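A look at the structure
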Protein chains: 2
Amino acid sequence: MKPIDVVIREVGPRDGLQREAPLELAKRISLIGSLAACGLSAMEVAAFVSERAVPAMSGAATVVAGLPADTDCTWWALVPNLIGAERALEAGIDHLSVTVSSSETYSRRNVGMSVEESVHQALAIAERAPVVDVVISCAFGSPYEAEIRPDSVASLASRFEDAGASVTLADTTGVATPRRLRQVLELVGAGVVGLHLHDTRGTALTNAYSALELGVTRFDTSVGGLGGSPFADDAGGNLATEDLVYLLEDLGYRTGVDLDRLLDVDETLEGWLGRPLPGRVAEAERHHRRRG
Amino acid sequence: MKPIDVVIREVGPRDGLQREAPLELAKRISLIGSLAACGLSAMEVAAFVSERAVPAMSGAATVVAGLPADTDCTWWALVPNLIGAERALEAGIDHLSVTVSSSETYSRRNVGMSVEESVHQALAIAERAPVVDVVISCAFGSPYEAEIRPDSVASLASRFEDAGASVTLADTTGVATPRRLRQVLELVGAGVVGLHLHDTRGTALTNAYSALELGVTRFDTSVGGLGGSPFADDAGGNLATEDLVYLLEDLGYRTGVDLDRLLDVDETLEGWLGRPLPGRVAEAERHHRRRG
């Protein structure tokens, strides 16, 4: 049987680093190059957001200018609005991701727009840019509403698909479970969406496994499980790239990722950040390497 | 549809505490009482092993004498050999678990017996005690052999079943994956065995989920994911009881366990041990409670 390809979009350089103390630009660019050299086929490398609001993401255009040329990796940038999209396109990156929350309260608190205003922004970006992926945040639950209705997530998703954008469903606060995933994916279509999972309650890998069984083949993950902050409310890290690759390779899926090389990147990154990353395969590897 | 019952055997007071600095007997007995009050239906409470070799498990007979009477919880004790079994029966506990490794090297290094010698010991205990569960360690892989053959695990299991014992398969060093689980469970019979999972590589919950899909309904877990040591080779903690209960309840299985109450026990235990436990639902709850 031909192995099924799974596309992993590495989001460590963006979602992973955005809440960290800013890393030097040279290190961020070096990290991106090392990750691409692991065989990752897609990567979110920058966010064209306010540098004052998110200092860790400053210098987005410089990052894009410094991207390695000798790779097949598809580069993505996050843009918050049409102005950000214009900046990104001008910098030379044409795969843009934009976030729309399915939680009204989360949307107003985090981006100061209603869901509907945010949808219009995303649709305008989809019209303007060559390739757009809309990340629907809080797709499986939010810290504010009692329930996010699967049919409203599906209805949001179809509006973006009609506009020619792809859709990624994000479990922003790590509340998804296999049951909730199934409810949403049955309506949205497991074969077409990507999943962006956070690991607040240790369920991210289990959710990924259950999604694979339903036919999902696109995942956002972060090197070392970076992306959470022990100090932020409801914020668990992203599903760790190594943890997903380890599972996928064992199950016979094809990712193109060199796991050993990725674990080397982890080691470097841990040195830069001065603390162990939360990813579990990397943790097992640390014990193994320490032992020699 | 009638919910399926899942039996969780809490092993925190034994596998969880055995590598910790010894807790006072009164605390260990209090922990057992608190855990039973959460609705857990089975618990491994003591090990009748050498007190010099495993000081954290000293006073097994005192623990058994101090077990709460007002509960339906089934009490289990680990015994390493026939002498331990006699001590346990004398102390008044008649559900005995005994470990047999499916790894020849692991067996010789850890208990100084060949697998075959260890099997004979277990069969002798199965003949002597009313209820015996044989825990087959390294059932999905070992740190020493390249592969543990599923058919040798199945053949071990059937010898114990023929002797009237139940069987639990242990992923001692956390190397199991859904694929390996399926290979072994298809031979051994998912409906009859229990699973004892460790979380060295973050795969324990995913493995439990895949095993549930195959029909496994018995799991050993440890409050807070206790049982690993950051200093021991290849030792990840047990699958955390709360993490499994959280998943099971969401999927509609019935465990009888009061999750909120269990999280209170976590908090007490973390205070006693002076560090956070590795379980992820408990971690999310800590953030939540700190926030107030």
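Structure first, text after, so check above.
So, a few notes on the structure that sits alongside this text. (Residues numbered from 1 in each chain as written. Chains lettered and ligands numbered in written order. Predicted model: local features only at pLDDT ≥ 70, side-chain atom pairs only at ≥ 80, totals over all residues. Heavy atoms only, no water.)

This next bit is on the relation of the copies chain B and chain A. Overlaying chain B with chain A gives an RMSD of 0.0 Å, the required rotation being 180° about an axis along which the chain moves by 0.0 Å. Considering both components of the superposition, the chain copies are consistent with a two-fold axis. Considering only C-alpha atoms, the residue of chain B closest to the rotation axis is threonine 206 of chain B, which sits at 2.2 Å. Both copies contact each other with a shared surface, as 100% of the interface residues of chain B are interface residues in chain A too. (Least-squares fit on C-alpha atoms with pLDDT ≥ 70 in both. Contact = heavy atoms within 4.5 Å.)

Our focus in this paragraph is the pairing of strand 3 (residues 74-78) of chain B. All names here are of chain B. The buried fraction of strand 3 is high, at four of five residues. Pairing of strand 2 (residues 42-47) with strand 3 involves five bridges; the strand directions are parallel. Along strand 3, the bridge assignment pairs alanine 46 with alanine 77. Handedness of the crossover joining strand 2 and strand 3 through helix 3 (residues 60-65): right-handed. For strand 3 and strand 4 (residues 95-101), the ladder comprises two bridges, and the chain directions are parallel. Bridge pairing in strand 4 links leucine 78 to serine 97. What joins strand 3 to strand 4 is helix 4 (residues 82-91), and the crossover it makes is right-handed. (Buried < 20%, exposed > 50% of the residue type's maximum accessible area, 1.4 Å probe, protein only. Helix = DSSP H or I, 4+ residues; strand = E, 2+ residues; numbered from the N terminus. Pairing = 2+ DSSP bridges. Right-handed = clockwise from strand over helix to strand, strands pointing away.)

By size, the foremost hydrophobic cluster in this structure holds 177 residues, and its most contacted members are Leu96, Phe160 and Leu169 of chain A together with Leu96, Phe160 and Leu169 of chain B. Those residues in contact with leucine 169 of chain B that sit more than four places away from it in its chain are Ile136, Ala139, Phe140, Val153, Val184, Leu185, Val188, Val193, Gly194, Leu195 and His196 of chain B. (Core = buried A, V, L, I, M, F, W, Y, C linked by side-chain atoms within 4.5 Å.)

Scanning the entire structure with this criterion turns up three aromatic pairs over all chains. Considering the side-chain rings of tyrosine 209 of chain A and tyrosine 209 of chain B, the 6.2 Å spacing of their centres and the 85° angle between planes classify their relative orientation as edge-to-face. Taken as a pair, tyrosine 209 of chain A in helix 9 (residues 204-214) and tyrosine 209 of chain B in helix 9 (residues 204-214) lie in two separate chains rather than in one. Residue tyrosine 209 of chain A shares its accessibility class with tyrosine 209 of chain B, and that shared class is buried. Ring geometry for tyrosine 106 of chain B versus tyrosine 144 of chain B: centroids 6.3 Å apart, planes at 50°, classification tilted. Here tyrosine 106 of chain B, found in helix 5 (residues 104-111), pairs with tyrosine 144 of chain B, found in the loop between strand 5 (131-137) and helix 7 (150-162); they are 38 residues apart in sequence, far enough to count as distant. One cation-aromatic arrangement involves arginine 9 of chain A over tryptophan 76 of chain A; the distance from NZ or CZ to the ring centre is 4.7 Å. (Phe/Tyr/Trp six-rings, centres within 6.5 Å; stacked < 30°, edge-to-face > 60°. Lys NZ or Arg CZ within 6 Å of the ring centre and 35° of its normal.)

What follows deals with the sheet that holds strand 4 of chain B. Residue and element names in this part refer to chain B. Pairing is parallel in the closed barrel, where eight strands are placed in the order 1-2-3-4-5-6-7-8. Direction aside, the axes of adjacent strands within the sheet are offset by 30° on average. Here two bridges tie strand 1 (residues 7-10) to strand 2, and the two strands are oriented parallel to one another. Across the sheet, arginine 9 pairs through a bridge with alanine 42, a residue of strand 2. The sheet contacts of helix 2 (residues 25-37) involve strand 1, strand 2 and strand 3, and relative to strand 2 the element is tilted by about 170°. (Axes fitted to C-alpha atoms, helices over the stretch in contact; angles between N-to-C directions.)

Right, let's get into helix 8 (residues 178-188) of chain B. Each full turn of the α-helix corresponds to 3.6 residues, which orients residues three or four apart in the same direction. Listed in full, the buried residues belonging to helix 8 of chain B are Pro178, Leu181, Val184, Leu185 and Val188 of chain B. Down the axis, helix 8 of chain B shows its buried residues gathered within 130° of arc, on one side only. Of the exposed residues in helix 8 of chain B, those oriented more than 90 degrees away from the buried face are Glu186 and Leu187 of chain B. Next to the buried residues of helix 8 of chain B lie helix 9 and helix 10 (241-251) of chain A together with helix 7, strand 6 (166-171), strand 7 (194-197) and helix 9 of chain B. (Arc of directions from axis to C-beta.)

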